[in-house]
Amino acid sequence: GSSARQIFVGTFYRFCLELLSEDQGFSHLIARPSLSLPEGLLGAFERVAILEEIASSQFLDYPKRKLHYYLDRISWAKQNLLSSADCKLEFPCEDETFVRLYRGYQKHLEEHNRYDLDDLIFETVRELRDDSDRCQQLQLRFRSFVIDEYQELNEAQYRLLRFIISDFADLC
């Protein structure tokens, strides 16, 4: 019945995509029922191409495997809710090239109104951190949660859950 239509089944990314698409500033990310990515969301090949362009603009010539290495590090930083500035502050001995590439990558995404998958959770957590009313609305809307592989949550996923799970919710 109508209760079944209120059930959400999906990944953390899909959940965040749905929440962000409800907000005006992220309307270009409106989720489509098809399997294709929303217009503003980057695919894997686009991420590499963008980082390749950023590296080239900084006179860095890296093979694709090195770019993949830096993209993995950018992803790790976002999954730990660290911006490029945070990385520089938190890890002063951090590879300066990584920080420059991360900063350039994010600047490019912002200038072109684009996001990667990790941004979906990063931005949702940032939005919820600054909006306790929205957190309360979500806590009332979602009363029960089933999380597969809970032990494998990263910091961003864990923080997201902390914002949307009330003290009275069921968590399995």
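See above for the structure.
What counts as what
- The residue count restarts for each chain, going from 1 along the sequence in the order it is written.
- Per-residue local features are limited, in this predicted model, to residues with pLDDT of at least 70; the limit for side-chain atom pairs, both in listing and counting, is 80 or more; totals at the level of whole chains, interfaces and linings are taken over all residues.
- Think of the side-chain values as coming from all heavy atoms in the structure, minus any hydrogens and water.
- For our purposes a nonpolar core is just a set of buried Ala, Val, Leu, Ile, Met, Phe, Trp, Tyr and Cys residues, chained together by side-chain atoms within 4.5 Å.
- Relative accessibility decides the category of a residue: with a 1.4 Å probe and only protein chains considered, values under 20% of the type maximum give buried, values over 50% give exposed, and everything between is partly exposed.
- Elements are defined by DSSP. Helices are runs of H or I of four residues or more, strands are runs of E of two residues or more, and each kind is numbered from the N terminus.
- A contact between two residues is defined here by any heavy atoms of the two lying within 4.5 Å.
- Working definition: a ring pair exists when centres of Phe, Tyr or Trp rings (six-membered ring for Trp) sit within 6.5 Å. Plane angles under 30 degrees give stacked, over 60 give edge-to-face, the rest tilted.
- Expected span of a helix: the number of residues minus one, times 1.5 Å.
- Here the axes come from fitting lines to C-alpha atoms, over the contacting stretch only for helices, and the angles between their N-to-C directions go from 0 to 180 degrees.
- The labels follow the angle: roughly parallel below 35 degrees, roughly antiparallel above 145, roughly perpendicular from 65 to 115, and oblique for the rest.
- Crossings are sorted by hand: turned counterclockwise from the far helix by less than a right angle, the near helix makes the crossing left-handed, and turned clockwise it makes it right-handed.
- Polar here means any residue outside two lists: the nonpolar Ala, Val, Leu, Ile, Met, Phe, Trp, Tyr, Cys and Pro, and the charged Asp, Glu, Lys and Arg; Gly therefore counts as polar.
- Here, a salt bridge means any Lys or Arg side-chain nitrogen found within 4 Å of an Asp or Glu carboxyl oxygen.

I tried to follow the nonpolar core on my own but got confused; where do I start?
By size, the foremost hydrophobic cluster in this structure holds 25 residues, and its most contacted members are F12, L160, L161 and I164. Elements represented by at least two residues in this core include exactly α1 (12-22), α6 (117-129), α7 (132-141) and α8 (155-164). Broken down by element, this core gets its largest block of residues, six residues, from α1. Excluding its chain neighbours within four sequence positions, the residues that come into contact with I164 are F15, L128, L138, Q139, F142 and F145. In terms of nonpolar packing, the next biggest core, distinct from the first, is built from 20 residues, L42, L51, A55 and L82 among them.

Looking at this structure, how should I read the packing of aromatic side chains?
For any pair of aromatic rings, the description rests on two quantities: the centre-to-centre distance and the angle between the ring planes. Scanning the model with the defined rule gives four aromatic pairs in all. Each ring, one from F15 and one from F142, has its centre 5.2 Å from the other, and the planes form 70 degrees; the classification is edge-to-face. In this pair, F15 is assigned in helix α1 and F142 in the loop between α7 and β1 (144-145), connecting sequence segments 127 residues apart. Of the two residues examined, F15 and F142, each falls in the buried class. One aromatic cluster is present, built from ring pairs that chain together Y62, Y69 and Y70.

I tried to follow helix α3 (residues 64-79) on my own but got confused; where do I start?
Along an α-helix, residues three or four apart share an orientation, since each turn contains 3.6 residues. Between the first and last C-alpha of α3 there are 22 Å, a value that for 16 residues agrees with the 22 Å anticipated at 1.5 Å per step. Along α3, the residues classified as buried are L67, Y70, L71, R73, I74, S75, A77 and K78. Lining the buried residues of α3 we find α2 (44-57), α4 (84-90), α5 (96-111), α6 and α8. After α3 finishes, the residue L81 shows a positive phi value of roughly 60 degrees.

Teacher, can you tell me more about the packing of α1 against α8 here?
The relative placement of two packed helices comes down to the angle between their axes together with the axis-to-axis distance. At a minimum axis distance of 12 Å, the contact between α1 and α8 shows a crossing angle of 50 degrees. Viewed along their axes, α1 and α8 adopt a mutual orientation that is oblique. You can see that α1 and α8 cross each other, and the crossing is left-handed. Contact residues: F12, F15 and C16 in α1; Q157, L160, L161 and I164 in α8. Classifying every residue of the contact of α1 with α8 by side-chain character gives six nonpolar, one polar and no charged.

Any chance you could explain the pattern of salt bridges here in plain terms?
Pairing of side chains with opposite charge becomes possible as their charged atoms draw close. As enumerated under the stated definition, the model contains 11 salt bridges in all. Ionic pairing is found between K78 and D119, a salt bridge with its closest N-O pair at 2.9 Å. Within this pair, whereas K78 is found in helix α3, its partner D119 is found in helix α6, the two being separated by 41 residues in sequence. For the pair K78 and D119, a shared accessibility class is recorded, and that class is buried. One salt bridge connects K107 with E111, and the closest N-O pair in it is separated by 3.8 Å. Residue K107 and its partner E111 are located together in helix α5, separated by four residues, close to a single helical turn. For the residue pair K107 and E111, the accessibility class agrees, reading exposed in each case. Counted as one network, the salt bridges with shared partners bring together R47, K78, D116 and D119.

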